Amino acid sequence: MAKNGVFMRLDKLVSSQLYGVSRADVKKLCLKKKVSVNGKLMARSDVKVSTEDEIYIDGERLVYKEHIYIMMNKPQGVVCSTKDGGSRTVLELVPEKLRREGLFPAGRLDKDTEGFVLITDDGELSHRMLSPKSHVPKTYFVRLEKPWQESYKDIMAEGMIIEGDNGKEKCLPAEFTGSEDSEFECTLVLHEGKFHQVKRMFGTLGNKVIFLKRTHIGGLALDEKLALGECLEIMHKDVEKLLTC
């Protein structure tokens, strides 16, 4: 066995990495001689192994990952939730090879909003991203019903006051940039996540959002090659970009 890494029971390690595979399932796989560790077939599933051991399940290498980070290009009509009574959830769009227990969307997008959603099982990272103290920027592409005005830039930079269910709410300063190609399109960078905030901000200015897409979280951009509803795993070197302010 490997001398490094984290040690845990074989059944616990395998079930943590494979979606829908229980510890009892791992025991059955061992009895069927379909589990090997460092080249040795394992007859028991309760032995201690290392996360750095070479583990094979039915001939396929199992590479241990403490957490997984998934970039999704969320389509309209899908909700950012682990469960929903009627609509599809983002978790239903995650392909089998990326699924594991404990996945959740780190933050939300409205049902009719497209774009970058992070799905992970890392609660600590999610907390750091969503904490009001972090002010992790989120960038949105916006298409408006009426032409945008130059005045939007200064108004949003000062921190707008918008109406809410509990009265008026003060927004943190936001960065508005009007498109050079269209008087109806712009980008907006927020440093917080109030309910329906983008729509409410433009509504306060007498305009209406007709299309909204999140393009960046922190310093990480949504992959332009990722089609609506598709996912890809974020490599570890890019994870910290999510927290870049």
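Scroll up to find the structure.
Residues numbered from 1 in each chain as written. Predicted model: local features only at pLDDT ≥ 70, side-chain atom pairs only at ≥ 80, totals over all residues. Heavy atoms only, no water.

Undergrad: Give me the packing of aromatic side chains: which residues, what numbers.
TA: Evaluated as defined, the whole model comprises five aromatic pairs. With a centroid separation of 6.1 Å and an interplanar angle of 65°, the aromatic rings of Phe 141 and Phe 211 are classed as edge-to-face. Here Phe 141 is found in strand β10 (residues 138–144), whereas its partner Phe 211 is found in strand β15 (residues 209–217), with 70 residues between them in sequence. A residue is classified by how much of its surface remains accessible, and Phe 141, at 21% relative accessible area, is partly exposed. The buried category is assigned to Phe 211, whose relative accessible area is 17%. (Phe/Tyr/Trp six-rings, centres within 6.5 Å; stacked < 30°, edge-to-face > 60°. Helix = DSSP H or I, 4+ residues; strand = E, 2+ residues; numbered from the N terminus. Buried < 20%, exposed > 50% of the residue type's maximum accessible area, 1.4 Å probe, protein only.)

Undergrad: How would you sum up unusual backbone geometry? Please name residues and give values.
TA: With the exception of glycine, the majority of residues adopt a negative phi angle, and the majority of peptide bonds are in the trans configuration. Look at Asn 38: it is not a glycine, yet its phi comes out positive at around 55°. Inspection of the secondary structure puts Asn 38 in the loop between β2 (35–37) and β3 (40–41). A positive phi angle is found at His 196, which is not glycine, with a value near 50°. With respect to the helices, strands and loops of the structure, His 196 is situated in the loop between β14 (185–190) and α5 (197–204).

Undergrad: Provide a residue-level description of the pairing of strand β13 (residues 175–178), including the pertinent values.
TA: Of the strand pairs in this sheet, β13 and β14 are connected by four bridges, and their pairing is antiparallel. What sits directly across from Gly 178, in β14, is Cys 186. Where β13 folds back onto β14 in an antiparallel hairpin, the turn is made up of six residues. (Pairing = 2+ DSSP bridges.)

Undergrad: Outline the pattern of salt bridges, listing residues and values.
TA: Pairing is possible between side chains of opposite charge, provided their charged atoms come close. Summed over the entire model, instances satisfying the criterion amount to 14 salt bridges. When the shortest N-O distance is used, the salt bridge between Arg 100 and Asp 121 registers 3.2 Å. With Arg 100 in the loop between β7 (69–74) and β8 (104–105) and Asp 121 in the loop between β9 (114–120) and α3 (123–130), the pair connects residues that are 21 residues apart, well separated along the chain. For the pair formed by Arg 100 and Asp 121, the shared burial category is buried. For Lys 237, the salt bridge identified is with Asp 238, shortest N-O distance 3.5 Å. (Salt bridge = Lys/Arg side-chain N within 4 Å of Asp/Glu carboxyl O.)

Undergrad: Can you tell me about the nonpolar core, naming the residues and giving the values?
TA: Ranked by size, the top nonpolar core spans 34 residues in total, and within it Ile 119, Val 142, Leu 188, Val 198, Met 201 and Phe 202 carry the most contacts. Broken down by secondary-structure element, the contributors of at least two residues to this core are β7, β9, β10, α4 (151–158), β14, α5 and β15. With residues up to four places along the chain from it excluded, the contact list for Val 142 reads Phe 184, Glu 185, Cys 186, Leu 188, Val 198, Phe 202, Val 209, Phe 211 and Leu 212. In this structure, Leu 125, Met 129, Val 136 and Val 239 belong to the second largest nonpolar core, which totals 16 residues. (Core = buried A, V, L, I, M, F, W, Y, C linked by side-chain atoms within 4.5 Å. Contact = heavy atoms within 4.5 Å.)

Undergrad: With reference to specific residues and values, describe the pairing of β15.
TA: Across a regular strand the side chains alternate sides, sitting on one face of the sheet and then on the other. In this structure, β9 lies alongside β15, joined through two bridges in parallel fashion. Paired with Gly 115 across the bridge in β15 is Arg 214. With seven bridges joining them, β10 and β15 adopt antiparallel strand pairing. Bridge assignment links Thr 139 to a residue of β15, and that residue is His 216. Pairing between β15 and strand β16 (residues 220–221): two bridges, direction antiparallel. Across the sheet, Ile 217 pairs through a bridge with Leu 220, a residue of β16.

Undergrad: Could you give an account of the packing of helix α1 (residues 10–17) against helix α2 (residues 23–31), naming the residues involved and the relevant values?
TA: Two numbers describe how α1 lies on α2: the axes approach to 8 Å, and their chain directions differ by 115°. Taken together, the axis directions place α1 and α2 in an arrangement best described as roughly perpendicular. Considering how the two elements wind past one another, α1 and α2 form a crossing that is right-handed. Packed against α1, whose contacting residues are Leu 10, Asp 11, Lys 12, Val 14 and Ser 15, the element α2 presents Arg 23, Val 26 and Cys 30 at the interface. (Axes fitted to C-alpha atoms, helices over the stretch in contact; angles between N-to-C directions. Parallel < 35°, antiparallel > 145°, perpendicular 65-115°, else oblique. Left-handed = near helix turned anticlockwise from the far one by under 90°.)

That is the geometry; function is a separate question.
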